[in-house]
Amino acid sequence: MKKITSFLLISLSAYSLQAQTFIQAYKNRADQVSQTNITSLLQDFQNLGVKTTGSAANTNTLNWLKAKYQSFGYTAGQITEDPFIFGSNISAKNLVITKTGTVYPNIYVIICGHYDTINGPGVSDNGSGTSILLEAARILRDIPTEYSIKFIHFSGEEQGLQGSAHYADNVVFQNNVRQLNIRLVFNIDQVVGKIGNSNTAIKCESDQAGMTSNNAASQAFTQQLANCTTLYSPLQTVMSNAYSSDYMPFEQNGDIITGFYENVRSYNEHTVNDTFANVDPTYVYNAGKAAVGALQHFATAAVTQLATEEIKQDHLESVKIYPNPAKDHLFIEVPEEIRNFRVAISDMSGRNVLNRENEKKISVSGLADGTYLVKVSTGQKTAVRKVIIGK
């Protein structure tokens, strides 16, 4: 993100309040943001070096991001590169991951952040936003949403919003004709907090300049962002104006924008001090929970959630799954009258990791340690058990 020259605090009363109803399923998914994952992602981002657009480190980071999405289960058809050239023939790529909506597949919620850095490894600016995008994509991979979601990692931000400008002007629009219908652009940039600062609040950014026709809608969505933040995270909110970051080319083309930025500025951005040692990973974790909660609201995620332990039909009440915890194998014990059944194992993000039919001894040695849901079903009858797998 570019250096901030000023900001404007807006009172909540200045907005048309659109309070969101608390949704337990949204909270459960927001709580799946992992502090361990966030910390690991920030450290990995640091280890990739100074990611100046066009450099080998920048390309390595792009490939690291692609590998992460592949590990989450996103297919080759969902992962696309958006190449562009700028300046003195500098070649770069944005990375775009698309999750198709169930009701409005051609209307998109974009959640974005840049992955390029200058002068330092950029753990704050913008390893923090990059890590949150990855966690949100992991958690929502198999969660139905009415609107389509595009997770976009831009490059060239530090050289003047080059990647986002290319995407807004050449993908969203082609020859001045709109190609993509965008509901909202949600940008996350520098949400890390410096160790020693008071990292209890986050700026919720809205459009208050530029194209004035966007302002009211942006402010309404930003109020919703603030509401979701308080519903699904421990962070307080401060209403603020938008800055020079990757949502601006979209704003200039008439799209609605909102965003997150740290409330107490770190001032390590664009320096060699923008390292893991100087950031507050807990703040990124809390911002991630807020982002996952808000993204579900913006894209209208499914509100029903598989219970971690429930019996949906009486005749499956006696299903037994053991041992628990399990190491190498799980044993499924079903009533004698059941001849045909299916077993599906999913992780706590809802991603299906294993399927079997009519098997009473199932190898789980290939699964990572953790907590899983094991669903045994026959026809319309289902039993679900929570099982811990640990080597």
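Here the residue index of a chain counts from 1 through its sequence in written order. The predicted origin of the model limits local features to residues at a pLDDT of at least 70 and limits the giving and counting of side-chain atom pairs to 80 or more, whereas totals for whole chains, interfaces and linings rest on all residues. Side-chain measures were taken over the full set of non-hydrogen atoms in the model, leaving aside hydrogen atoms and water.

1. Points about the packing of helix α4 (residues 123-140) against helix α8 (residues 281-299)
The description of two helices packed together rests on the angle between their axes and the distance between the axes. Contact pair α4 / α8: the axes reach a minimum separation of 9 Å and the direction vectors enclose 50°. Relative to α8, the element α4 is oriented oblique. Relative to α8, the crossing made by α4 is right-handed. Contact with α4, carried on its side by Ser-128, Ile-132, Ala-136, Ile-139 and Leu-140, involves Val-284, Ala-287, Gly-288, Ala-291, Val-292, Leu-295 and Gln-296 of α8 and no other residues of that element. Across the contact of α4 with α8, the residue classes break down as nine nonpolar, three polar and no charged. Here the axes come from fitting lines to C-alpha atoms, over the contacting stretch only for helices, and the angles between their N-to-C directions go from 0 to 180 degrees. Only DSSP runs of H or I covering at least 4 residues are called helices, and only runs of E covering at least 2 are called strands; the numbering of each starts at the N terminus. Reported orientations rely on four angle classes, namely roughly parallel under 35 degrees, roughly antiparallel over 145, roughly perpendicular from 65 to 115, and oblique for the rest. Crossing handedness follows the turn of the near helix against the far one: under a right angle anticlockwise gives a left-handed crossing, and clockwise gives a right-handed one. Whether two residues are in contact is decided by their heavy atoms: any pair within 4.5 Å suffices. Ten residue types, Ala, Val, Leu, Ile, Met, Phe, Trp, Tyr, Cys and Pro, are classed as nonpolar, four, Asp, Glu, Lys and Arg, as charged, and the remainder, Gly among them, as polar.

2. Some points on the sheet that holds strand β9 (residues 236-241)
Working definition: the strands of a sheet are paired by backbone hydrogen bonds and lie parallel or antiparallel to each other. Spatially, the eight strands line up as an open sheet ordered β1-β2-β4-β3-β7-β10-β8-β9, and their pairing is mixed. Either end of the sheet is taken by a strand with one partner, and the two such strands are β1 (79-86) and β9. Taking the axes of each pair of neighbouring strands and ignoring which way they run, one obtains an average angle of 25° across the sheet. Here, a strand pair is defined by DSSP locating no fewer than two bridges between the strands. With four bridges joining them, strand β7 (residues 181-188) and strand β10 (residues 257-262) adopt parallel strand pairing. Residue pairing in the sheet places Val-185 in a bridge with Ile-257 of β10. Along the sheet, helix α3 (residues 56-72) contacts β1, β2 (90-99) and β4 (147-154); its crossing angle with β2, the most-contacted strand, is approximately 15°. Across the sheet, helix α5 (residues 162-172) is in contact with β1, β2, β3 (104-114), β4 and β7; its angle to β1 comes to roughly 110°.

3. Thoughts on the packing of aromatic side chains
Any pair of Phe, Tyr and Trp rings, taking the six-membered ring for Trp, is counted once the centres come within 6.5 Å. Such a pair is stacked with planes under 30 degrees apart, edge-to-face with planes over 60 apart, and tilted for the rest. Scanning all chains against the criterion turns up 17 aromatic pairs. With a centroid separation of 6.4 Å and an interplanar angle of 70°, the aromatic rings of Tyr-74 and Phe-151 are classed as edge-to-face. Here Tyr-74, found in the loop between α3 and β1, pairs with Phe-151, found in strand β4; they are 77 residues apart in sequence, far enough to count as distant. Considered together, Tyr-74 and Phe-151 belong to a single accessibility category, that of buried residues. Of the aromatic side chains, those joined through ring pairs into one cluster are Tyr-69, Phe-72, Tyr-74 and Phe-151. Over a ring means this: the NZ of a Lys or the CZ of an Arg is within 6 Å of the ring centre and within 35 degrees of the ring normal. Across from the ring centre of Tyr-74, 5.1 Å away, lies the NZ or CZ of Arg-141, which sits over that ring. Across the ring face of Tyr-147, the terminal group of Arg-183 is positioned such that the distance to the ring centre comes to 4.4 Å. Relative accessible area decides the class of each residue, using a 1.4 Å probe on protein chains only: under 20% of the type maximum gives buried, over 50% gives exposed, and in between gives partly exposed.

4. Observations concerning α4
When the terminal C-alpha atoms of α4 are compared, their 24 Å separation across 18 residues agrees well with the 26 Å that a helix rising 1.5 Å per residue should span. Burial within α4 is extensive, with 18 of its 18 residues counted as buried. Here a helix's expected span is defined as the number of its residues, less one, multiplied by 1.5 Å.

5. Comments concerning the pattern of salt bridges
Salt bridge, as applied in this entry: a Lys or Arg side-chain nitrogen positioned within 4 Å of an Asp or Glu carboxyl oxygen. On inspection of all chains with the given rule, the structure shows nine salt bridges. Asp-31 is paired through a salt bridge with Lys-27; the nearest N and O atoms lie 2.8 Å apart. Note that Lys-93 is salt-bridged to Glu-81, the shortest N-O span being 2.7 Å. With Lys-93 in strand β2 and Glu-81 in strand β1, this pair connects stretches of sequence that are 12 residues apart. Classification of Lys-93 by relative accessible area gives partly exposed; the value is 33%. Owing to a relative accessible area of 31%, Glu-81 belongs among the partly exposed residues under this scheme. Here the salt bridges do not stand alone but share partners, grouping Lys-27, Asp-31 and Lys-289 into one network.

6. Here's the deal with the environment of Ala-226
Tracing the backbone through its elements, the reader meets Ala-226 in helix α6 (residues 215-232). Discounting chain neighbours no more than four positions away, the residues touching Ala-226 are Cys-204, Thr-237 and Met-239.

7. Concerning the nonpolar core
Put simply, buried Ala, Val, Leu, Ile, Met, Phe, Trp, Tyr and Cys residues joined by side-chain atoms within 4.5 Å make one nonpolar core. One finds Tyr-69, Phe-151, Phe-186, Ile-188 and Phe-260 to be the most contacted residues of the largest nonpolar core, which totals 60 residues. No other element matches α8, which puts 10 residues into this core. Aside from chain neighbours lying at most four places away, what touches Phe-186 is Ile-110, Ile-111, Cys-112, Leu-225, Thr-258, Gly-259, Phe-260, Ala-291, Ala-294 and Phe-298. Residues Ile-152, Val-172, Tyr-243 and Met-248 belong to the second largest nonpolar core, which totals 21 residues.

8. Quick notes on the confidence of the model for the protein chain
Chain-level statistics for the protein chain give a pLDDT mean of 89 and a share of 90% at 70 or above. The predictor attaches a confidence to each residue, and that confidence, scored 0 to 100, is pLDDT. Within the model, pLDDT remains below 50 along residues 2-18, and this stretch shows 40 contacts once partners closer than five positions in the same chain are excluded. The low-confidence segment residues 306-315 (pLDDT under 50) makes 29 contacts with residues lying over four places distant or belonging to another chain.

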